[in-house]
Amino acid sequence: MYRFFAFCLVFFLMIACSETTGSSANEENSEIATDDEHDDMLRIAAKSKTVQVGTDSSNASSNEKPAMQVSFDYDYSIGLHEVTRKEYAEWTGKDIENANDLPMTNVTYYDAVLAANARSKKEKLDTAYSYSKVEYADGKCTYLESLTFAPKSEGYRLPTEAEWMLAAQIGGFTPDNSWNSTNSDDSLHKVCTKKNSSKLCDMAGNAMDWVNDWLGNFKDTTIVDFIGAPNGGSLAKRILKGGSYQNKPLNMKTYSRGDVYTVTSSTKANYVGFRLAIGPIPNPHYFNSSGTTNSTIMPIASAQALKLKVGTTHARLAFRDDDLEKIIVIEYTCGNNAIYEPKKIGEPYHLAISPDGQWIAYTTKPEGISGFDTLFIQPFNAADTSYHKYTKASAAEPRWHVVGFDTNLVFGTSGGDNTSDGSFFSENTYRISFSQKKFGDKVELFGGSYHGGVSKDESFAVTGSKLLRVHTGDKDTVWYNGEQACNASLAQDSTKRTLFLDFGSETGRKFAGENYAAHERILIVDSLGKLIQAIPAPEGYAFDHTEWTSIPDLVIATLTNSEGRHSKIVLVDVRDSSILDLVEGNELWHPSLWVEEYHNRLPSDTSLAGDSLGVYMLETSILEARILKVKMDLFWTNRTFTRIAITGSSRSFSGINPTLLTAGYAINFSFSAQDMASTEFFVNNYYLPLQMNIQTIVIALDIDRWGFTDETFEAVYNSAPGYAYDEQHDFWKNGAPAMMPKIVQDNISPDPHEYGIYAYNRGEYKSEESGVNEVPEVNFIAYDKQKADYNKKKLLSIIDVAKSYGANVVGVIFPQSPLYISSENIWGRYGPDLDDAAKLLDYLDSLAKVKDNFYILDEYKNGKNDYKSSDFSNDDHLGLDGADKLTKRLDSLLLKIKENP
């Protein structure tokens, strides 16, 4: 239960004085007043106030705990009510035919952002959000590429979670006086028809509210001007507040942050809307449980755009945020360009990711600075807090270097000015091994500090810090006519090309055929020192921190703007001088791009499209598609020896553990919210025809969800091009590409954590709320005979197609809270009423009698079963113990079928 502030703090808030710029006074409550400058907005006197977000309740979910305090040093305004359909139509020009006073719902986070910008433009204000590309599906915005939020903007925006919480505290959060499941007739109502005494409308019930923040974890601390987590983690989760007309008053909590299913920016539902806020946030702070940051880093290129350059999304970018003096990492594998900050040990410069992607090396001084450089190596694995420090020699600009099967690092002993022969040759270039988390002995390669790279055969090395020096064979020489050069980097292939930057020198200008300023060209020389290429920087920028990547012809670099800030990291393709913007920020230094060991990943058959083949997930993909991407990896990898395919909704996803099945090798392909249309699609097109030894299909029979048709199927099918591409090729019934498992794995994928919880054995479904609730969560859907017939048709199709392949179908009816029947007088979470449920169950029984390959395992038994509360994860999903119990019973049935076919 929500833990309110102590009386003394509440009293303090009631008497505190605050400015109410642009607002008229409200004698009843000086903390909230009408905003005279902005229609239908209320001014919240937040400055100097503190609000609690999160809770210490033991019943709360893990991302809602612990309680955290947020203090404000600004005031803001928030919408009197959710944005109405009339307002939405007026601002955006969309849905004009539906303009009325109901909340505008069924909108994504992106739709809400665009509406906020539209209102700002209409009122001639700066917009709070910027982006580079918009994607729509079915009239809704499903993706805003390079979306950036400007918290200091004067434009309209979504409220932060803390702002919403403070408004609810001051303006009233009254679930008992709301449109909820007890009085709403399962529908929206006009805004402000359940207005409370403190002016704000519908903070509880009617429609849930989008807020601006990414979802992150809390910590028992106080944060000033909190604006959420720096990112939404591997799933890119967002936050919803307030409850809706579908929820019971008892289940509405101010600290709640989500919905039935995972909430992402592309989530939409007919009970999810939004209200706007306005007011600059002067000192914004992102925060997650590992600490605060005011970093403004924004990934630009999508994982798919990077893949078209490097051949895979299995890539990772690490760099130094020089403003924050931190290491920043962007993971592209997951598709949403997840950002995180590994804990740094030393002061990180010249980052280098190991060839296997597991380690990051760095030293403590940038190029051009003399002195002892300490080498640090630390793992990317956040659970491993170990680090390794090398102090036996100064190590400037370390580079990973593989000799045979041994992983080493090479480095010069000084990154300082190399103009003087005496100083330069008093230093050395060394190689040290790094194996089993230990450094080996240093091996001197040659005299002189060659920190720009050493060839694989160790006969060639370069460096640049004032002079471009080269070691070739037994000879040391100076190239580029002795003119100033820096940022030298030796290509990692066999060409021995060297790139570097100069200062607009005569030699470079003569080769380029034009004048240019310092660092405005990447210059490349061949193995003999002859200039072969000059690549110009974009207009208004210069290059810095240039490095060859492990991919031939690709260079990673930073761009400095006219103010000298390293504001971008880019990928430069020397084949055509094209530049792909990867990241924007304030001061981004020393990038290192790791790409999983490079092979020609694209299929040799040029008729197959590399941007569609096996692409089952994109940056914009919904949660269901992310889970399914894991399952499709498993499908293509294991299709020759899978005997039992389990599929269905989150109930089978959580309720069956195939590691306990002895009847045959099984994989759980289930994913959240799967409908019968999805089940039919995957069973009939993948699991039956392409799994050569399939014997049994196990499906979830969720008759309470037979009020749905193909909503989830359409969303999954359209979320990535791979399924349509498979369909265009008749689902590879005449033979799939030989490298299909590898092709699928090389495309955008969830992170390793998701692979762990969505793996072959099950979708592990734990909840902080162990067991069923005293008042079960209800999302009632009225029985619709037409929709029920639609689902019956899909089930019949699965059974008949399975018969043609000689396979059986087992339908499982999963247990739910018995309180649905005994207290709510409905069959399950989504209904139907008991009479309609009886008709559907009779139909299933009759079908099992006439179809000799169809069997039913009813573990619900209309609530009269032996499953205890502790067997459940929540009201309609089994937990680990319950899943084991059900799986053993399923195994008994499968063995019986096997013995008596």
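Everything quoted here is computed from the prediction, not taken from an experiment.

Let's talk about the overall build of the protein
Part 1: Each helix and strand in the protein was counted, giving 18 helices and 49 strands.
Part 2: Dimensions of the protein, computed from C-alpha atoms along their principal axes, come out at roughly 95 × 80 × 50 Å.
Part 3: Of all 901 residues assigned to the protein, the portion counted as buried reaches 59%.
Part 4: Restricting the contact set of the protein to residue pairs at least 6 apart, pairs at least 24 apart contribute 66%.
Part 5: When the accessible surface of the protein is totalled, it reaches about 35300 Å², and 49% of it is carbon and sulfur.
Part 6: Charged side chains of the protein number 87 positive and 121 negative; the gap between the two group centres comes to 3 Å.

Brief notes about the sheet that holds strand 43 (residues 644-647)
Part 1: Strand order in the open sheet made by the five strands is 44-43-45-46-47, with parallel pairing throughout. Two strands close off the open sheet at either side, each with one partner strand: strand 44 (666-668) and strand 47 (854-858). Averaged over all adjacent pairs, the angle separating strand axes in this sheet is 20 degrees, with direction ignored.
Part 2: As defined by bridge partners, strand 46 (residues 808-813) adjoins strand 47 across five bridges and the pair is classed as parallel. Of the residues in strand 47, the one forming a bridge with Val812 is Leu857.
Part 3: Sheet contacts for helix 18 (residues 880-899): strand 43, strand 45 (696-700), strand 46 and strand 47; angle to strand 46, the most-contacted strand, approximately 155 degrees.

Comments concerning the confidence of the model for the protein
Part 1: On average, the protein scores 88 in pLDDT, and the residues at 70 or more come to 92%.
Part 2: Contacts of residues 1-28 to residues separated by more than four positions or lying in other chains number 57 contacts, the stretch itself having pLDDT below 50.
Part 3: Overall, residues 763-769 carries pLDDT values under 50, and its contacts beyond four positions in sequence, including any with other chains, amount to 26 contacts.

Topic: the pairing of strand 33 (residues 475-478)
Part 1: Both strand 32 (residues 468-472) and strand 33 contribute to a ladder of four bridges, which runs antiparallel. Looking at the pairing, Val470 lines up with Thr477 of strand 33.
Part 2: What sits between strand 32 and strand 33 in their antiparallel hairpin is a turn of two residues, with Gly473 showing a positive phi close to 65 degrees.

Side note on the pattern of salt bridges
Two side chains that carry opposite charge are able to pair once their charged atoms sit near each other.
Part 1: Enumeration according to the criterion identifies 43 salt bridges in this entry.
Part 2: With a shortest N-O distance of 2.7 Å, Arg575 and Asp573 are connected by a salt bridge.
Part 3: A relative accessible area of 3% places Asp573 in the buried class.
Part 4: Bridged by salt links that share partners, the residues Arg651, Asp702, Asp704, Arg829 and Asp876 form one connected network.

Focus: the sheet that holds strand 40 (residues 566-573)
Part 1: Spatially, five strands are ordered 18-41-40-39-38 in an open sheet, and the strand pairing comes out antiparallel. Where the open sheet ends on each side, the last strands, each with one partner, are strand 18 (298-299) and strand 38 (542-548).
Part 2: Pairing of strand 40 with strand 41 (residues 578-584), which is carried by six bridges, proceeds in the antiparallel orientation. Looking at strand 41, one finds that Val570 is bridged to Asp581.
Part 3: Contacts from helix 5 (residues 303-310) reach strand 39 (554-560), strand 40 and strand 41 within the one sheet, and its direction differs from that of strand 41 by about 140 degrees.

Considerations on the packing of aromatic side chains
Part 1: Enumeration according to the criterion identifies 47 aromatic pairs in this entry.
Part 2: The ring centre of Trp179 lies 4.9 Å from the NZ or CZ of Lys194, which sits over that ring.
Part 3: For the cation-ring pair, Arg320 lies above Tyr349, with the distance from its terminal atom to the ring centre recorded as 4.0 Å.

As for a nonpolar patch on the surface
Part 1: On the surface, Tyr131, Val134 and Tyr136 cluster together into a nonpolar patch covering about 250 Å² of accessible area.
Part 2: Val134 sits in the partly exposed class, given a relative accessible area of 31%.

Topic: helix 8 (residues 623-638)
Residue pairs three or four apart in sequence face the same way in an α-helix, which turns once every 3.6 residues.
Part 1: With 16 residues, helix 8 extends 23 Å from end C-alpha to end C-alpha; this agrees with the ideal 22 Å at 1.5 Å per step.
Part 2: Among the 16 residues in helix 8, 15 count as buried, and that is most of the element.

Description of the pairing of strand 38
Part 1: With seven of seven residues buried, strand 38 lies mostly within the body of the structure.
Part 2: Bridge analysis of strand 38 against strand 39 gives five bridges, and the strand direction is antiparallel. Bridge pairing in strand 39 links Trp548 to Val555.
Part 3: Between strand 38 and strand 39, which follow one another and run antiparallel, lie five residues, and Asp553 among them has a positive phi close to 75 degrees.

Description of the packing of helix 10 (residues 676-687) against helix 15 (residues 785-804)
Part 1: It is at 9 Å that the axes of helix 10 and helix 15 come closest, and there the two elements cross at 15 degrees. The orientation of helix 10 relative to helix 15 falls into the category roughly parallel. The crossing of helix 10 and helix 15 is left-handed. Mapping the contact onto sequence places Met676, Ala677, Thr679, Glu680, Val683 and Asn684 in helix 10 and Tyr790, Asn791, Lys794, Leu795, Ser797, Ile798 and Val801 in helix 15.

Examining the state of the cysteines
Part 1: This model, assessed by the stated rule, comprises one disulfide.
Part 2: Through a disulfide, Cys192 is tied to Cys201; the S-S separation comes to 2.1 Å. Because the torsion about its S-S bond is 100 degrees, the bridge between Cys192 and Cys201 counts as right-handed.
Part 3: By relative accessible area, which is 24% here, Cys192 ends up partly exposed.

Things to note about the side chain of Thr374
Part 1: Considering the arrangement of structural elements, one finds Thr374 in the loop between strand 23 (359-363) and strand 24 (375-379).
Part 2: Ignoring any residue separated from it by four or fewer positions in sequence, one finds Thr374 in contact with Tyr362, Thr363, Thr364, Lys389, Tyr390 and Thr391.

Considering the nonpolar core
Part 1: Counting 73 residues, the largest nonpolar core has Ile44, Phe72, Tyr76, Tyr129, Trp210 and Phe274 as its most contacted members.
Part 2: If you tally residues by element for this core, the top one is helix 3 (residues 109-122), at eight residues.
Part 3: Residues in contact with Phe274, not counting those within four places in the same chain, are Glu82, Val83, Tyr88, Met104, Val107, Ala112, Ala115, Leu158, Met208, Asp209 and Trp210.
Part 4: Formed by 65 residues, the second largest nonpolar core is a distinct cluster that contains Leu634, Tyr723, Met740 and Leu841.

With respect to the environment of Leu661
Part 1: Mapped onto the elements, Leu661 comes out in the loop between helix 9 (650-655) and strand 44.
Part 2: Residue contacts for Leu661: discarding those within four places in its chain leaves Ile646, Ala666, Thr887, Leu890, Asp891 and Leu894.

Things to note about helix 5
Part 1: Ala303, Gln304, Leu306, Lys307 and Val310 are the residues of helix 5 that are buried. Taken down its axis, helix 5 places every buried residue within 155 degrees of arc, on the same side.
Part 2: On its buried face, helix 5 sits against strand 19 (315-321), strand 39, strand 40, strand 41 and strand 42 (588-595).
Part 3: A side-chain oxygen of the first residue of helix 5 lies 3.0 Å from the backbone nitrogen of Ala305; this N-cap is Ser302.
Part 4: Positive phi shows up at Gly311, right after helix 5, with a value of about 90 degrees.

What counts and how
Residues numbered from 1 in each chain as written. Predicted model: local features only at pLDDT ≥ 70, side-chain atom pairs only at ≥ 80, totals over all residues. Heavy atoms only, no water. Helix = DSSP H or I, 4+ residues; strand = E, 2+ residues; numbered from the N terminus. Buried < 20%, exposed > 50% of the residue type's maximum accessible area, 1.4 Å probe, protein only. Contact = heavy atoms within 4.5 Å. Areas by Shrake-Rupley, 256 points an atom, 1.4 Å probe, with all protein chains shown as cover. Lys, Arg positive; Asp, Glu negative; His and termini not counted. Charge placed at Lys NZ, Arg CZ, Asp CG, Glu CD. Pairing = 2+ DSSP bridges. Axes fitted to C-alpha atoms, helices over the stretch in contact; angles between N-to-C directions. pLDDT = per-residue confidence, 0-100. Salt bridge = Lys/Arg side-chain N within 4 Å of Asp/Glu carboxyl O. Phe/Tyr/Trp six-rings, centres within 6.5 Å; stacked < 30°, edge-to-face > 60°. Lys NZ or Arg CZ within 6 Å of the ring centre and 35° of its normal. Patch = residues over 30% accessible without salt bridge, like charges linked within 9 Å, V, L, I, M, F, W, Y side chains within 5 Å. Expected span 1.5 Å × (residues − 1). Parallel < 35°, antiparallel > 145°, perpendicular 65-115°, else oblique. Left-handed = near helix turned anticlockwise from the far one by under 90°. Disulfide = S-S within 2.5 Å. Core = buried A, V, L, I, M, F, W, Y, C linked by side-chain atoms within 4.5 Å. Arc of directions from axis to C-beta. Polar contact = N/O pair within 3.5 Å; in protein donor to acceptor, adjacent residues only side chain to side chain.

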